[in-house]
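Read off the chains here:
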Amino acid sequence: MKTTGRVNGIISNIVIVKADGPVGQNEICYVWTGDTKMMAEVIKVIGDAAYVQVFDSTRGLKIGDRVEFEGHMLEVTLAPGLLSRNYDGLQNDLEKMDGLFIARGSITDPVDYDVEWEFSPLAKVGDKVTAASWLGEVKEQWVMHKIMVPFTMTDSYTVKSVAEAGKYKITDTMAVLTDAEGRDHEVTMVQKWPVKQAVRCYTEKPRPSRIMETGVRPIDTFNPMAEGGTGFIPGPFGAGKTVLQHAISKQADADVIIMVACGERANEVVEIFKEFPELIDPHTGHTLMERTIIICNTSNMPVAAREASVYTGMTIGEYYRSMGLKVLVMADSTSRWAEALREMSGRLEEMPGDEGYPAYLSSRLAEFYERAGVVDVLGSQDITGSVSAIGAVSPPGGDLSEPVSQATLRIVKVFWGLDANLAYKRHFPAINWLTSYSLYVDTLRPWYTEQFGEAYMQNREKAMHILQEESELQEIVRLVGQDALSPADRLTMETAKMIREDFLQQNAFVDIDSYSEYRRQFLLLGLILHYDAECRDALEKNAPMHKLFAIPARVDIGRAKSVPAEEYAAVYDQIQSDMEQQIAAIAAKGGDDE
């Protein structure tokens, strides 16, 4: 029998309920006001008083209104049909709702229970299975969606029967499993899982060791992200955070993308709704929306549901990871999520931490990011799945000393710091190459060496050294001017300028330049550094510096990133050949015509 209760106090969307039976922490309940029922979550229990946060407006709620407790935590529905959907933070399908705004008490089914799916069995009668073992598969968009033993079935089972190949609804019985005591359990295509509990149905969680290609040069070459890794993008308003996140989600080497719009403005989310169904995924040739799930909780939606949205996105990501797929979860922005925690904490009269945020802010952030990672899928040592998590942080005024940024820095392994000064100079993506870092560089070094030899990492280190030298030389230039520099230092400044403008700058709105594969990045950076090496040799032969800087090949290098993808290898070879000849001709004359 379900526990019930009555409203005993109201503090905005925190409602104090006097319960007539046992109530659990994080249990879901429904608060009734008239004929409308509103979902809520228990966040504090003291005696027979349960403090619940209501995921809707509590306007009109009265003392004495009825409350029904459901006996389970906030859950998501996991089944075929999740891809290409647009959900709110509680997994209500937004496309099934009427009107411009979500009506109070609106609840919709997250998946379509009437659609039939073409099922192919993978397990056989007599097989031993456990939670997350694969029983069969259906084709969802272009992804092979595995039908698994529900995560809640923690024992070992024997397959008694499996449905034959054919079309079935998600509520049809796909398999019958027998436990150690001889009891039978029917398994369908649909299962539920609490959003605030990590899915731990895997054999091992190894250290990330493979690159996650994004096609963004400042990321892939200088501060790479590992598959199954964690990173965050902090930056002030106008620094290009949203555009960079969209570029990563469009181009990342992942099977499933989960966009969590957490407290962001509605117009930014509308851009995703409009663009993704029209854009083509460069890796598969399908539309981007076919591999994307959007969890949308914008700034005008209930604040309480904002806190649940990041957990909903991560749980769905873990579900697809158990199928051996590569998943990318993008949370924008965790600052808004932290503000929701601060609001709830204030209403509960908890002891505040820095800037009013709850003292447990760091642990909540860690719980989210630590659910990312690479896992060995149950039943096969050769198949791995991964969840990579990238969060955006919106520090007020770009101040990274604020609590959310500092707590996130202690947790994640990649930091892409957006610089307002670069954004004002129209240098995009505005990732500051001196302050940003990736702790995966050493882990990924064997991958770079296997793909491109030792040269890739040597080029990266050389380019970083040149950019750091430029930063030091700029101090001298500001004091006494550029004419005071030696020719070698002038060349360092010129090479650094080429790296910044011809390599690090990238236009997300031009198809040719928006995505740059690794081989192209390797060749382009190598071309710039080869120019630097050739010019240094020429300077030792007294070649005039101004002529070296004005060769036609220098202009060609500046245009190299605009060469079509099918032509760049041959064009880069030609540029290098022309450059060597032009520099050699100048060096041969030396300073004779000075």
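Refer to the structure above for everything that follows.
Quick caveat: nothing in here was measured; it's all calculated off a predicted structure.

A. Just empty space enclosed by the protein, in detail. Applying the stated criterion across every chain, the model contains three cavities of 30 Å³ or more. In this structure, the largest cavity occupies an estimated 160 Å³ of space. Considering the residues around the largest cavity, the lining is formed by 17 residues, among which F55, D56, D88, L90 and N92 are closest to the centre. Per-element tally for the lining of the largest cavity: the top contributor is strand 4 (residues 36-46), with three residues. Residue composition of the lining of the largest cavity, grouped by class: 10 nonpolar, four polar and three charged. Quantified by volume, the second largest cavity comes out at close to 80 Å³. Lining of the second largest cavity is provided by T242, Q245, H246, M259, V260, A261, E264, E268, V269, I272, M330 and D332. For the lining of the second largest cavity, the secondary-structure elements that each account for two or more residues are helix 2 (241-251), strand 19 (256-262), helix 3 (266-275) and strand 21 (326-332). Looking at side-chain class alone, the lining of the second largest cavity contains six nonpolar, three polar and three charged residues.

B. The sheet that holds strand 16 (residues 184-187), seen in detail. Sheet architecture is open: four strands sit in the order 10-13-15-16, paired in antiparallel fashion. This sheet does not close on itself; its edge strands, each paired only once, are strand 10 (128-129) and strand 16. In the sheet, strand 13 (residues 157-162) pairs with strand 15 (residues 175-178) via four bridges, with the strands oriented antiparallel. Within strand 15, the position partnered with V159 by the bridge is L177.

C. Main features of the sheet that holds strand 9 (residues 116-121). The antiparallel open sheet is built from four strands, whose spatial order is 12-11-9-14. Of all the strands in the sheet, the pair left with one neighbour each is strand 12 (143-148) and strand 14 (166-169). Along the sheet, successive strands turn relative to each other by an average axial angle of 45°, direction set aside.

D. A look at the pattern of salt bridges. A full pass over the atoms with the stated rule returns 25 salt bridges. D253 is the salt-bridge partner of K326, the closest N and O atoms lying 3.4 Å from each other. A residue pair is termed long-range when its members are at least 10 positions apart, and K326 in strand 21 and D253 in the loop between helix 2 and strand 19 qualify at 73 residues. In this structure K326 comes out as partly exposed when scored by relative accessible area, which is 22%. Since its relative accessible area comes to 25%, D253 is described here as partly exposed. The closest approach of N and O atoms between R364 and E307, which form a salt bridge, is 3.9 Å. Linking R364 in helix 6 (residues 361-369) with E307 in helix 4 (residues 303-321), this pair joins segments that are 57 residues apart in sequence. Residue classification places R364 among the partly exposed positions, given a relative accessible area of 24%. Classification of E307 by relative accessible area gives buried; the value is 4%. Counted as one network, the salt bridges with shared partners bring together E41, K196, E307 and R364.

The rules behind the values
- Residues numbered from 1 in each chain as written.
- Predicted model: local features only at pLDDT ≥ 70, side-chain atom pairs only at ≥ 80, totals over all residues.
- Heavy atoms only, no water.
- 1 Å grid on protein atoms, 1.4 Å probe; cavity = no way out; pocket = protein on both sides within 12 Å on 5 of 7 lines; lining within 4 Å.
- Points joined across faces, edges and corners; volume = space filled by probe spheres on them.
- Helix = DSSP H or I, 4+ residues; strand = E, 2+ residues; numbered from the N terminus.
- Nonpolar A, V, L, I, M, F, W, Y, C, P; charged D, E, K, R; others polar.
- Pairing = 2+ DSSP bridges.
- Axes fitted to C-alpha atoms, helices over the stretch in contact; angles between N-to-C directions.
- Salt bridge = Lys/Arg side-chain N within 4 Å of Asp/Glu carboxyl O.
- Buried < 20%, exposed > 50% of the residue type's maximum accessible area, 1.4 Å probe, protein only.

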